Amino acid sequence: MTLNFLVIGSQRCATSYIHSIFENEIATDVSKQKELNFFSHHIYTKDLSWYFSNFENMGRLTGEVCPSYFLMRPAEIKKLKQLFPDLKVVLILRDPVKRMWSSIHRHWTFSYLKDTKKIGTDFQSLFRFIMTPTNLYFGKYAYTLKKWEKEFGKDQLQILFYEDIKDNPKKFMSELYCFLNIAEEPIVRDQHKNVSKVKEEMDKRINYLIYQTHKREIKNLIKLGYERPKEWDMKYKNSFKNQKIPISLKITAFSANIVSQYVYDPVNKVINWHRSYKLKKRCLN
């Protein structure tokens, strides 16, 4: 049995929507559980027989939809390439400010965060949330693309944008089906309703902070020739141009970038090295 494709997120980028479609598509066999987290976590303790026990296959294209793979370490991606050299990988990107707000809404709605009752009114809680390393790295799009492209090359990667699902879902799914060589007519479903209990407006201070902490990544995507990031960048530039940004907020944003680049990134490299060491001792069959 082999693995044909992975849809790796990012988080809050319609992966549940895509999984629900592939569950009912006769040409695809996705895992019974949406997120197995095998290659990003269980690869150190479980084997491939456990992984494939979650699929039926029966001659269909076999794949998984799992946002945690967006954060996979370079050594894990390299191992994945060794195991499945013809694997196709799909990355879905979204306006990083809206993506982070969607993540915030989900966490508050499902009560993962206990230190505030009302979103948008507690600046410190929101700031701590967006500065969590995992939450930041789900928005490091250019960095993630570079990691995956190094092992799989451009031909085995497809970059899609969440906004296109909203604008033209049939076109979005058609592009996905074409990339995966699915001959059937694309399935388009009603998108999941927003179950968020949060009704408050976005805190404009947090908007500014999220944009500033992801601006470098957006610029890198623009350099690679993608159009959507240009729209994101222009929208927030115009938004903040007419706002008076307090000096204290500018200092906070500057400090957040310093922490991201000179604390989190070096620590991330150390973790990458450690994972590489662990994986070298791990033999999969």
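Coordinates for the structure precede this section.
One numbering rule holds for all chains: residues counted from 1, following each sequence as written. The predicted nature of this model means local features are confined to residues of pLDDT at least 70 and side-chain atom pairs, given and counted, to a pLDDT of 80 or more, with totals for whole chains, interfaces and linings taken over all residues. Note that water and hydrogens are dropped before the side-chain values are worked out from all heavy atoms of the structure.

S.K.: Requested: an account of the pairing of strand β5 (residues 157–161), with residues and values cited.
M.R.: Between buried and exposed lies partly exposed: a residue is buried under 20% and exposed over 50% of the maximum accessible area for its type, with that area taken using a 1.4 Å probe on protein chains only. A run of H or I in DSSP counts as a helix once it spans at least four residues, and a run of E counts as a strand once it spans at least two, with each numbered from the N terminus. With five of five residues buried, β5 is to be regarded as a mostly interior element. Residues Leu157, Ile159 and Phe161 line one face of β5 and the alternating positions Gln158 and Leu160 line the opposite face, and both faces are buried. Here strand β4 (residues 88–93) pairs with β5 via five bridges, running parallel. Bridge pairing in β5 links Val90 to Gln158. Think of it this way: DSSP has to see at least two bridges between two strands before they count as a pair.

S.K.: Run through a nonpolar patch on the surface, naming residues and quoting values.
M.R.: To count toward a patch, a residue needs a relative accessible area over 30% and no salt bridge; like charges are then connected within 9 Å, while nonpolar side chains (Val, Leu, Ile, Met, Phe, Trp, Tyr) are connected within 5 Å. Per-residue and other accessible areas were derived by the Shrake-Rupley procedure at a 1.4 Å probe size, with only the shown protein chains allowed to occlude residues. We define a salt bridge as a side-chain nitrogen of Lys or Arg found within 4 Å of a carboxyl oxygen belonging to Asp or Glu. Together, Phe254, Ile258, Tyr262, Val263, Val267 and Ile271 line one region of the surface with nonpolar side chains, adding up to about 570 Å² of accessible area. As for its position among the elements, Ile271 is in helix α12 (residues 247–280).

S.K.: Hey, could you go over the packing of helix α4 (residues 96–109) against helix α10 (residues 204–223) for me, with residue numbers and the actual values?
M.R.: For helices, the fitted line uses only the C-alpha atoms of the stretch in contact; every axis is such a line through C-alpha atoms, and the angle between N-to-C directions lies from 0 to 180 degrees. At a closest axis distance of 9 Å, the pairing of α4 and α10 adopts a crossing angle of 125°. With respect to each other, α4 and α10 are oriented oblique. Crossing angle aside, the handedness with which α4 passes α10 is right-handed. Between α4, through Pro96, Val97, Met100 and Trp101, and α10, the contact on the second element is made entirely by Ile206, Asn207, Ile210, Tyr211, His214 and Ile218. An angle below 35 degrees is read as roughly parallel, one above 145 as roughly antiparallel, one from 65 to 115 as roughly perpendicular, and any other as oblique. Crossing handedness is defined as follows: a turn of the near helix away from the far one that is anticlockwise and smaller than a right angle gives a left-handed crossing, while the clockwise case is right-handed. Throughout, a contact is declared for two residues whenever any of their heavy atoms are within 4.5 Å.

S.K.: Got a sec to walk through the packing of aromatic side chains? Specific residues and values, please.
M.R.: What characterises a pair of aromatic rings is the spacing of the ring centres plus the angle enclosed by the ring planes. Only Phe, Tyr and Trp rings take part, Trp by its six-membered ring, and two of them pair if their centres are within 6.5 Å. Stacked means planes under 30 degrees apart, edge-to-face means over 60, and tilted covers everything else. In this structure the tally under the stated criterion is 25 aromatic pairs. Their ring planes at 25° and their centres at 6.0 Å tell us that Phe38 and Trp50 sit as a pair that is stacked. One end of the pair, Phe38, is in the loop between β2 (28–30) and α2 (48–52); the other, Trp50, is in helix α2, with twelve residues separating them in the sequence. For Phe38, a relative accessible area of 0% translates into the label buried. When the centroid spacing of 5.7 Å and the interplanar angle of 65° are considered together, the rings of Phe39 and Tyr69 count as edge-to-face. You can see Phe39 sitting in the loop between β2 and α2 and its partner Tyr69 sitting in the loop between β3 (61–65) and α3 (74–83), a full 30 residues away along the chain. An aromatic cluster is present here, built from Phe38, Phe39, Trp50, Tyr51, Phe52, Phe55, Tyr69 and Phe84 joined pairwise through their rings.

S.K.: Any details on the nonpolar core? Residues and values, ideally.
M.R.: Only buried residues count toward a nonpolar core. Its members are Ala, Val, Leu, Ile, Met, Phe, Trp, Tyr and Cys residues joined through side-chain atoms within 4.5 Å. In this structure, Phe39, Tyr51, Tyr69, Leu80, Ile130 and Trp148 are the most contacted members of the largest nonpolar core, which totals 63 residues. At seven residues, the largest contribution of residues to this core is made by α10. Setting aside anything within four residues of it in sequence, one finds Tyr51 in contact with Leu3, Leu6, Leu36, Phe38, Phe39, Glu64 and Tyr69. Residues Phe172, Leu176, Leu180 and Ile182 belong to the second largest nonpolar core, which totals 23 residues.

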